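The lines below spell out each chain.
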Number of protein chains: 2
Amino acid sequence: MAGAWGRLVEFGVEVRSKVLAFAEKFWRMGADDPRKVIHGVKVGVALSLVSLFYYIRPINDKFGRNTMWAVMTVVVVFEYTVGGCLYKVINRGIATLSGGSLALAAHWMAAKSGPKAEPVILSALVFLFALAATFFRFMPTVKARFDYGITIFILTFSLVALSGSHVDDLTNLTVERISTVGIGIATTVCVCIFVCPVWSGQELHFLISRNLEKLAESLEGLVEDYFPINGDSMDRAEIASKRSHSYKCVLDSKSSEDSWASLARWEPAHGWFKFGHPWQQYSMVGVAMRHCAYCVETLHGCVNSETIKRPEFWEKHLRDVCMKLSSDSSKVLKELSSSVKTMKKSPSVNLLVLEMKNSVEELRISLSLLTEQLPFIQTRPAKSSELGNENSSFIDDRDVAVVLMPLTEAMALVTMTALLIEISTRIEGVVEAVATVAELACFKPIGNDESRSKVQAGEQELKPFHQV
Amino acid sequence: MAGAWGRLVEFGVEVRSKVLAFAEKFWRMGADDPRKVIHGVKVGVALSLVSLFYYIRPINDKFGRNTMWAVMTVVVVFEYTVGGCLYKVINRGIATLSGGSLALAAHWMAAKSGPKAEPVILSALVFLFALAATFFRFMPTVKARFDYGITIFILTFSLVALSGSHVDDLTNLTVERISTVGIGIATTVCVCIFVCPVWSGQELHFLISRNLEKLAESLEGLVEDYFPINGDSMDRAEIASKRSHSYKCVLDSKSSEDSWASLARWEPAHGWFKFGHPWQQYSMVGVAMRHCAYCVETLHGCVNSETIKRPEFWEKHLRDVCMKLSSDSSKVLKELSSSVKTMKKSPSVNLLVLEMKNSVEELRISLSLLTEQLPFIQTRPAKSSELGNENSSFIDDRDVAVVLMPLTEAMALVTMTALLIEISTRIEGVVEAVATVAELACFKPIGNDESRSKVQAGEQELKPFHQV
């Protein structure tokens, strides 16, 4: 008895802890992004508003059971973002009208062919339209814009074409249904747009800006992680290591970018964005960013792969130029990020790109100079002939040791520099993509005074390496 | 008059060419993948079958207008793959039953509280359930499995809870509706499964196998592209360049993989696959493959970036080992691909991996040996002291020229070797992921005789470099 009681208590405790864990997860999700809770409230409000129609006598008497179409519309059409909602509403509207009218035309035609032929003709038409529409849906452009509409088209056409043989007063039914659906749509759109709206376009905009920032962070973190400062506390090293993983968000955000870009086109002007904002071009920035992120991912792998021994001399020699290049590259990305975020043309981005290119040159020259500064270069024939007479074996040893080192030990370092250079090339692609967005979206230049002071600051910052 | 006629003819020709181009595109889409046409036909057939119910007197008399629910179900539930269809059917079923019964319970409770409180209680409940369900949907695990079900749950709950105040005989309505929906579901599932079915699982399976093959192709093509054989015809070079782009499919197939993996879990046993086949593990193979493809993409960029001059000596020295490594790596990938494709445990994959590792070692050793064979190593202090007296300036020139070359000119080559090594490391990750799939899915070993001969062939092929 005591054993059974114990097991029961144990079971109760287990259930309680599981429920608590679940509740906590649920709570944290809401606390992290309260807009999700607000979305839930919005759906509830829209449904409650529509449900009022059931209880208001005059409306209810007029539409009767058709009021259910209003509820159905709200549930089916309400989406998280305004773009998603409008995409469904517009698709549904066009599809219902075209499907309904085509079905009425089919009815009229079938009715003229006599009562025997009517069902055959109608069934054949339903078959043909369903086949064509379903196949049509596979076209990528159609799928991106009208996927939902095509479902509704087939639905409406079949329902009207087939139900016609039962309901005599089709026109009346249509008018009633359209008005109830209209009530549902109006409620949904109003609640969606006017109560804490979530705009697909804005989400995309900030996602792109945030991802640019993250890519910059990742690049800095990676190089900091590779060249730790000796006095670094563990915390800083850990932070650098954590930051170096930020690129993963960029790799994973393709599908969000694509879906937001395709929904954003349905949205009206909002905030800073006009109707017809170049959302598709944002996807191009995403593509350029991912092109860059692939390289950062590889760099991450190469840097963290087991390297035999680090050639200290090379590392010392290259540390500063590598860190400068990575910091310059990430400066460009951060500038792009803030330019996108504020929708202002950055006056300094070209200077920063120039500086980045300078750093690439500097790194290239460092690499060529490197060998000259190496011990075995100091033992050139002129000198070595002198030394050679004294202790040639010593030089021989050092010579071979140094010469053998570069390719096996320094491979990771050479690869890192090569990848940093490749990344800077790819960043130029991102700069171009953002410039196209700025052009198409008419980004405003920063106010004259502000811009002049920023340019001057930029010029002061920029010290071409050959003048240093 | 003649001008207007000319313009009209021109317009007609233009329209004709556009229509023809569109029709051709349409036709090609169907010809490329006839299953898309078949899917269209299947939807048409299912709808026509259901529409028969409208014309069969006894059924029609029994269910009346509710027959429209059968049509609606077919249109909404019919999906391209069996998995998609079953996902919707099962979600819809569970959601309708749970939503409906909860709504009936709510009704019963509300009816007990008196006619004044009834609408208030019902509206409040609709609000609360809609809020909770909508929020619940944001949980990633719920979204992946029950997204559609939650829509239907809210829909059913609201409709039944609100319509209750109008329809007295709720139970009767429910029974009728469930039977018509059942007819729709039965028709859809039968047509979907028994007429040329498209299985999500099978699609995923072959996608993974195809992508492994493509990655292998890409790797071979890239290295062939970098080290063209002198007597190569333009055609071969073009083919290599084309093949080197195959990795793009791997990068772009994340969303297909994820959606197929999540739909495949709803599918019953089919072909070689049991119910509960480890579809999620296929996604892991996809992840490992993409991890590899990022590196291949970077390699592609590095190889094709403008390099100053190619250090001929190095290239000659490294060509064979690089090509051997890339060919060994792609052999591993091809073996994995055929192992996945045929669902047979490959007896030779471990040998191939060993061979690949050997090639990596070979490449590493070649790199260290490289410097010894270079001209400036031949001018070691011992010798240079002799030569130094004769013409030290000549040696000095050559010395510096050779030393400067490696890092600036050979950077691309060194990077390529480093990336090839990194790729081979990542391929080991793919091997592990496929091994887990083979373990979980109980891949059959190849028949004893067959396997023995293959192992022998593999052993003959495998010549560790230190024995060569």
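Residues numbered from 1 in each chain as written. Chains lettered and ligands numbered in written order. Predicted model: local features only at pLDDT ≥ 70, side-chain atom pairs only at ≥ 80, totals over all residues. Heavy atoms only, no water.

## Topic: the overall build of chain A
Applicable threshold: The secondary structure listing takes helices from DSSP runs of H or I that are at least 4 residues long and strands from runs of E that are at least 2 residues long, numbered from the N terminus. For every residue, the accessible area obtained with a 1.4 Å probe (protein chains only) is divided by the maximum for its type, and the residue is called buried under 20%, exposed over 50%, and partly exposed between those limits. The contact rule is simple, with two residues in contact once any of their heavy atoms fall within 4.5 Å. Method for areas: the Shrake-Rupley scheme with a 1.4 Å probe, in which residue coverage is limited to the protein chains shown.
Secondary structure summary: chain A contains 19 helices and 2 strands in total. When burial is assessed residue by residue, chain A has 51% of its 468 residues classed as buried. A separation of at least 24 residues holds for 81% of the contacts in chain A among residues at least 6 apart in sequence. Of the roughly 22500 Å² of accessible surface on chain A, a fraction of 61% belongs to carbon and sulfur atoms.

## Digging into the environment of Ser-337 of chain A
Residues and elements named next belong to chain A. In this structure, Ser-337 sits in helix α14 (residues 312-342). Residue Ser-337 is classed as buried on the basis of its relative accessible area of 2%. A C-alpha to C-alpha distance of 38 Å links Ser-337 and Gly-93, two positions 244 residues apart in sequence. Beyond its immediate stretch of four places on either side in the chain, Ser-337 contacts Ser-209, Leu-212 and Glu-213.

## Concerning a nonpolar patch on the surface
Residue and element names in this part refer to chain B. Our working rule: The residues that make up patches have over 30% relative accessible area and no salt bridge, and they are joined within 9 Å when like-charged or within 5 Å when they are Val, Leu, Ile, Met, Phe, Trp or Tyr. Salt bridges, as used here, are contacts in which a Lys or Arg side-chain nitrogen is within 4 Å of a carboxyl oxygen on Asp or Glu.
A cluster of nonpolar side chains, namely Val-37, Val-41, Val-45, Leu-49, Leu-52 and Ile-56, defines an oily patch on the protein surface of about 400 Å² accessible area. Mapped onto the secondary structure, Leu-52 falls in helix α2 (residues 34-55). You can call Leu-52 partly exposed: its relative accessible area is 43%.

## Some thoughts on the packing of aromatic side chains
Condition: Between the rings of Phe, Tyr and Trp (Trp by its six-membered ring), a pair exists once the centres lie within 6.5 Å; its type follows the angle of the planes, with under 30 degrees stacked, over 60 edge-to-face, and the other angles tilted.
Counted under the stated rule, the structure contains 27 aromatic pairs over all chains. Measuring from centroid to centroid gives 4.9 Å for Phe-135 of chain A and Phe-26 of chain B, while their planes differ by 85°, and the two rings are edge-to-face. Note that Phe-135 of chain A is positioned in helix α6 (residues 117-136) and Phe-26 of chain B in helix α1 (residues 2-32), a pairing that runs across two chains. On the basis of relative accessibility, which here comes to 7%, the residue Phe-135 of chain A falls in the buried class. When its relative accessible area of 23% is taken as the criterion, Phe-26 of chain B is described as partly exposed.

## Focus on the environment of Met-411 of chain B
Positionally, Met-411 of chain B belongs in helix α18 (residues 411-440). In this structure, the C-alpha to C-alpha distance between Met-411 of chain B and Cys-302 of chain B, residues 109 residues apart in sequence, is 9.7 Å.

## Describing helix α6 (residues 117-136) of chain B
Quick reminder of the rule: By definition here, a helix of n residues has an expected span of 1.5 Å times n minus one.
If you check α6 of chain B, its first and last C-alpha atoms are 28 Å apart, about what 20 residues at 1.5 Å a residue would give, namely 28 Å. Restricting attention to buried positions, one finds in α6 of chain B the residues Leu-122, Ser-123, Leu-125, Val-126, Ala-130, Leu-131, Ala-133, Thr-134 and Phe-135 of chain B. Packing partners of the buried residues in α6 of chain B comprise α1 (2-32) and α2 (34-55) of chain A together with α5 (82-112) and α7 (140-163) of chain B.

## Focus on the nonpolar core
Filter applied, for reference: In this description, a nonpolar core means a group of buried Ala, Val, Leu, Ile, Met, Phe, Trp, Tyr and Cys residues linked to one another through side-chain atoms lying within 4.5 Å.
Counting 136 residues, the largest nonpolar core has Leu-215, Val-332 and Ile-427 of chain A together with Leu-215 and Ile-427 of chain B as the members making the most contacts within it. What Leu-215 of chain A contacts, discounting residues up to four positions off in sequence, is Tyr-247, Val-250, Met-289, Cys-292, Ala-293, Val-296 and Leu-333 of chain A. Counting residues in each nonpolar core, the second largest holds 114 residues, with Met-139 of chain A together with Val-75, Phe-78 and Ile-150 of chain B among its members.

## Remarks on the environment of Ser-244 of chain B
Residues and elements named next belong to chain B. Topologically, Ser-244 is positioned in the loop between α10 (234-243) and α11 (247-252). Along the backbone, Ser-244 and Leu-215 are 29 residues apart, and their C-alpha atoms lie at a distance of 8.7 Å. Here Ser-244 is in contact with Ser-218, Gly-221, Leu-222, Asp-225 and His-300, once residues within four sequence places are set aside.

## Quick notes on the pattern of salt bridges
The final tally for this structure, using the stated rule, is 32 salt bridges over all chains. Arg-35 of chain B is the partner of Asp-33 of chain B in a salt bridge, and the nearest nitrogen-oxygen pair spans 3.4 Å. The class for Asp-33 of chain B is buried, based on a relative accessible area of 18%. Overall, the relative accessible area of 31% leaves Arg-35 of chain B in the partly exposed class. The partner of Glu-203 of chain B in a salt bridge is Arg-35 of chain B, with the nearest N and O atoms 2.6 Å apart. Taken as a pair, Glu-203 of chain B in helix α9 (residues 200-226) and Arg-35 of chain B in helix α2 lie far apart in primary sequence, 168 residues in all. Linked by salt bridges that have partners in common, Lys-324, Asp-328, Lys-331 and Glu-362 of chain A make up one network.

## With respect to the state of the cysteines
Residue and element names in this part refer to chain B. The following threshold applies: Here, two cysteine sulfur atoms that lie within 2.5 Å of each other are counted as a disulfide.
Scanning the entire structure with this criterion turns up 0 disulfides over all chains. You can see Cys-292 has no disulfide; the closest cysteine sulfur is in Cys-295, sitting 7.0 Å from it. With a relative accessible area of 0%, Cys-292 lands in the buried category.

## With respect to helix α13 (residues 279-304) of chain A
Its 26 residues give α13 of chain A an end-to-end C-alpha distance of 37 Å, which sits within 8% of 38 Å, the value for a rise of 1.5 Å per residue. In terms of burial, α13 of chain A is a largely internal element, 21 of the 26 residues being buried.

## Topic: the side chain of His-270 of chain B
Take His-270 of chain B: it is sitting in the loop between α12 (254-264) and α13 (279-304). Once you skip the residues sitting within four places of it in the chain, His-270 of chain B turns out to touch Trp-199, Gly-201, Gln-202 and Trp-279 of chain B.

## Here we look at the packing of helix α7 (residues 140-163) of chain A against helix α4 (residues 68-77) of chain B
We count it as follows: Here an axis means a line fitted to C-alpha atoms, over the contact stretch when the element is a helix, while the angle between two N-to-C directions is reported on a 0 to 180 degree scale. Here the angle decides the label: under 35 degrees means roughly parallel, over 145 means roughly antiparallel, 65 to 115 means roughly perpendicular, and every other value means oblique. Left-handed describes a crossing whose near helix is turned anticlockwise from the far helix through less than a right angle; right-handed describes the clockwise counterpart. Just so you know the grouping, Ala, Val, Leu, Ile, Met, Phe, Trp, Tyr, Cys and Pro go in nonpolar, Asp, Glu, Lys and Arg go in charged, and all remaining residues, Gly too, go in polar.
Between α7 of chain A and α4 of chain B, whose axes approach to 10 Å, the crossing angle comes to 160°. The angle between the axes of α7 of chain A and α4 of chain B places the two elements in the roughly antiparallel class. Every pair of crossing elements has a handedness; the one defined by α7 of chain A and α4 of chain B is right-handed. Of the residues in α4 of chain B, those in contact with Thr-151, Ile-154, Leu-155, Ser-158, Leu-159 and Leu-162 of chain A of α7 of chain A are Met-68, Val-71, Met-72 and Val-75 of chain B. Split by residue class, the contact of α7 of chain A with α4 of chain B holds 8 nonpolar, 2 polar and no charged.

## Notes on unusual backbone geometry
Phi at Cys-442 of chain A is positive, roughly 50°, even though this residue is not glycine. When you line up the elements, Cys-442 of chain A lands in the loop between α18 (411-440) and β2 (444-445).

## Concerning the confidence of the model for chain A
Residues and elements named next belong to chain A. Convention followed: pLDDT: the predictor's confidence for each residue, scored from 0 to 100.
For chain A, the average pLDDT comes to 80, and 80% of its residues sit at 70 or higher. Mean pLDDT across the elements of chain A ranges from a minimum in helix α16 (residues 375-378), with 37, to a maximum in helix α12 (residues 254-264), with 92. The model gives residues 374-405 a pLDDT under 50, and that stretch makes 45 contacts with residues more than four places away or in other chains. A low-confidence stretch, residues 451-468 stays under pLDDT 50, and its non-local contacts, those more than four residues away or across chains, total 23 contacts. Among the prediction metrics, the complex's ipTM stands at 0.81, with pTM recorded as 0.83.

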